[in-house]
Amino acid sequence: MKTMNLGRRALMIAAAAALSVGVPVASSAEPVVDAIHFLIPGGAGGGWDGTARGTGEALTGAGLVGTASYENMSGGGGGKAIGFLIENAESNHGTLMVNSTPIVIRSLTGVFPHNFRDLTLVSGTIGDYAALVVGKDSPINSMSDLMAAYDADPSKTAIGGGSVPGGMDHLVAAMVMEAAGKDALGVKYIPYDAGGKAMAALLSGEIAALSTGFSEAVDLANAGEVKIIGVTSDERVAAAPDAMTMKEQGIDTTFVNWRGFFGAPGLPDDKLAMYQDVIAKMYETEQWAEVRDRNGWVDIHNSGDDFLAFLEAQEKAIGDLMKKLGFL
């Protein structure tokens, strides 16, 4: 328990320092960017997909961007899209790729050869808590129920996620189980390429619980497909006020996953400044407040050198934690 708490605190340092929530105002700004093409490294239904489309919705709805387009390019745990952006850099100056904590995790584990330093860092934008959910008809209704099922038969109590083994969803599940006094490495984890596929596995009974982003969990719960049995926030989140935190249930762990945007390597300085400016202006709009609150996100805004410092701090913290858990 002590080791996990130390790891958790280290992981939260950079994110907690960057949290800020402002009072939204309606935007009367002229369009800053004519068009943005959002490259999404995973399939439909995942956190990257929701973040890119929600950001595009807010930017166009507020009149800051003329048009937004979207391209899902799943594969290689996100590596396919990163490789594409690097290899086709000159023709993608109009593209922003969404990414998040996994770009740090998967670089550390060697899932793909690139890391965030190989791209142009544009801006960190939001934080999304993690959650464990079960199917709507599951007999499991709380974390204590899940632990009882795990104790009774670990092999039949698999936890799935939309990431590779050792990836973020796996890491969150391991953190939670470790904090609950279980052997994190003994947990049966089944990976899926995207949140939508993992959800299908949950509903079919292939897995007992799903480790996912809170915003995805809220959407699924609102659709009546799942029950949220634990959230990795310090306090309950307004987007799902009935969902209990892990801490409420005696599991002392918290986690927030940042999400942000990257450009192609060699992106011209004027283009970079334009993208950073439009994202900064987005936070002052009613359209962004609506998208953010609907998804249960928190604002984590850092651009340029601040974004680099944030990522380097997280790289060290996550690397230390993964070593403690035996993933590195």
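All values derive from a computational prediction rather than experimental measurement.

### A few points about the nonpolar core
Counting residues in hydrophobic clusters, the biggest one holds 75 residues, and the most contacted among them are Ile103, Met143, Leu171, Phe262 and Leu311. Ranked by the residues each element gives to this core, the list is headed by helix H6 (residues 168–179), at 9 residues. Among all residues touching Ile103, those that are not within four sequence positions of it are Ile82, Phe112, Phe116, Leu119, Trp258 and Phe262. One finds Phe38, Ile40, Val65 and Phe261 within the second-largest nonpolar core, a separate group that totals 26 residues.

### Considerations on the side chain of Thr51
Among the secondary structure elements, Thr51 is positioned in helix H2 (residues 47–61). By relative accessible area, Thr51 is classed as buried at 0%. Polar contacts involving the side chain of Thr51 include one to the main-chain carbonyl oxygen of Gly47, which spans 2.8 Å. Leave out the neighbours within four places in its chain, and Thr51 touches Val98, Ile126, Arg259, Phe261 and Trp297.

### Quick notes on the environment of Ala223
Mapped onto the fold, Ala223 is located in the loop between helix H8 (214–222) and strand E8 (226–231). Spatially, the C-alpha atoms of Ala223 and Tyr192 are 21 Å apart, while their sequence positions differ by 31 residues.

### Re the packing of aromatic side chains
Throughout the structure, instances matching the rule amount to 8 aromatic pairs. Ring geometry for Phe38 versus Tyr70: centroids 5.6 Å apart, planes at 10 degrees, classification stacked. Pair noted here: Phe38 is in strand E1 (residues 33–40) and Tyr70 is in strand E2 (residues 65–72), with a separation of 32 residues, a long-range link. Centroid distance Trp288 to Trp297: 5.8 Å. Interplanar angle 35 degrees. Geometry classified as tilted. The class for Trp297 is buried, based on a relative accessible area of 4%. An aromatic cluster is present here, built from Trp258, Phe262, Phe307 and Phe310 joined pairwise through their rings.

### As for the environment of Gly266
Take Gly266: it is sitting in the loop between strand E9 (256–263) and helix H9 (269–282). With 180 residues separating them in the primary sequence, Gly266 and Ile86 have C-alpha atoms 9.3 Å apart. Setting aside its immediate chain neighbours within four residues, Gly266 contacts His93 and Thr120.

### Points about the packing of H6 against helix H11 (residues 304–325)
Where H6 contacts H11, the axes come no closer than 11 Å and their chain directions differ by 60 degrees. The pairing of H6 with H11 is recorded here as oblique in orientation. As H6 runs across H11, the sense of the crossing is left-handed. Residues Leu171, Ala174 and Met175 of H6 form the contact with H11, whose own contacting residues are Ile318, Leu321, Met322 and Leu325.

### A word on helix H10 (residues 286–295)
Helical geometry note: an α-helix holds 3.6 residues per turn, so side chains three or four residues apart project in the same direction. Those residues of H10 not exposed but buried are Trp288, Ala289, Val291, Arg292 and Asn295. Taken end-on, H10 shows its buried residues confined to a sector of 165 degrees, consistent with a single buried face. Where H10 is buried, its residues contact H2, strand E4 (120–135), H8, H9 and strand E10 (298–303). Where H10 terminates, the next one or two residues include Gly296, which has phi positive at roughly 75 degrees.

### Some thoughts on the pairing of E1
Where E1 and E2 come together, 7 bridges link them in parallel fashion. Directly across from Phe38, in E2, lies its bridge partner Tyr70. For the handedness criterion, the β-α-β arrangement of E1, H2 and E2 is classed as right-handed.

### Structural notes on the pairing of strand E3 (residues 95–100)
Counted residue by residue, E3 has 6 buried out of 6 residues, so it is predominantly covered. Burial along E3 is two-sided: the face carrying Thr95, Met97 and Asn99 and the face carrying Leu96, Val98 and Ser100 are both buried. Strand direction decides the pairing type here: E1 and E3, joined by 3 bridges, are parallel. By the bridge assignment for E3, Phe38 is matched with Leu96. As defined by bridge partners, E3 adjoins E9 across 4 bridges and the pair is classed as antiparallel. Paired with Ser100 across the two strands is Arg259, which belongs to E9.

### Describing the pattern of salt bridges
Any two side chains of opposite charge can pair, given that their charged atoms come close. Evaluation of the coordinates by the stated rule reveals 14 salt bridges. A salt bridge links Asp234 to Lys247; the shortest N-O distance between them is 3.1 Å. Pair noted here: Asp234 is in the loop between E8 and E9 and Lys247 is in the loop between E8 and E9, with a separation of 13 residues, a long-range link. Among the charged side chains, a network of salt bridges with common partners joins Glu57, Glu290 and Arg294.

### Things to note about H6
Relative to the 16 Å expected for 12 residues at 1.5 Å per residue, H6 spans 16 Å between its end C-alpha atoms, a close match to the ideal helical length. Of all the 12 residues making up H6, 11 are buried; the element is thus mostly covered by neighbouring parts of the structure. Within H6 the residues assigned to the buried category are Met168, Asp169, His170, Leu171, Val172, Ala173, Ala174, Met175, Val176, Met177 and Ala179. Positive phi appears at Gly181, one or two residues downstream of H6, with a value of about 90 degrees.

Each value, and the rule that gives it
Residues numbered from 1 in each chain as written. Predicted model: local features only at pLDDT ≥ 70, side-chain atom pairs only at ≥ 80, totals over all residues. Heavy atoms only, no water. Core = buried A, V, L, I, M, F, W, Y, C linked by side-chain atoms within 4.5 Å. Buried < 20%, exposed > 50% of the residue type's maximum accessible area, 1.4 Å probe, protein only. Helix = DSSP H or I, 4+ residues; strand = E, 2+ residues; numbered from the N terminus. Contact = heavy atoms within 4.5 Å. Polar contact = N/O pair within 3.5 Å; in protein donor to acceptor, adjacent residues only side chain to side chain. Phe/Tyr/Trp six-rings, centres within 6.5 Å; stacked < 30°, edge-to-face > 60°. Axes fitted to C-alpha atoms, helices over the stretch in contact; angles between N-to-C directions. Parallel < 35°, antiparallel > 145°, perpendicular 65-115°, else oblique. Left-handed = near helix turned anticlockwise from the far one by under 90°. Arc of directions from axis to C-beta. Pairing = 2+ DSSP bridges. Right-handed = clockwise from strand over helix to strand, strands pointing away. Salt bridge = Lys/Arg side-chain N within 4 Å of Asp/Glu carboxyl O. Expected span 1.5 Å × (residues − 1).

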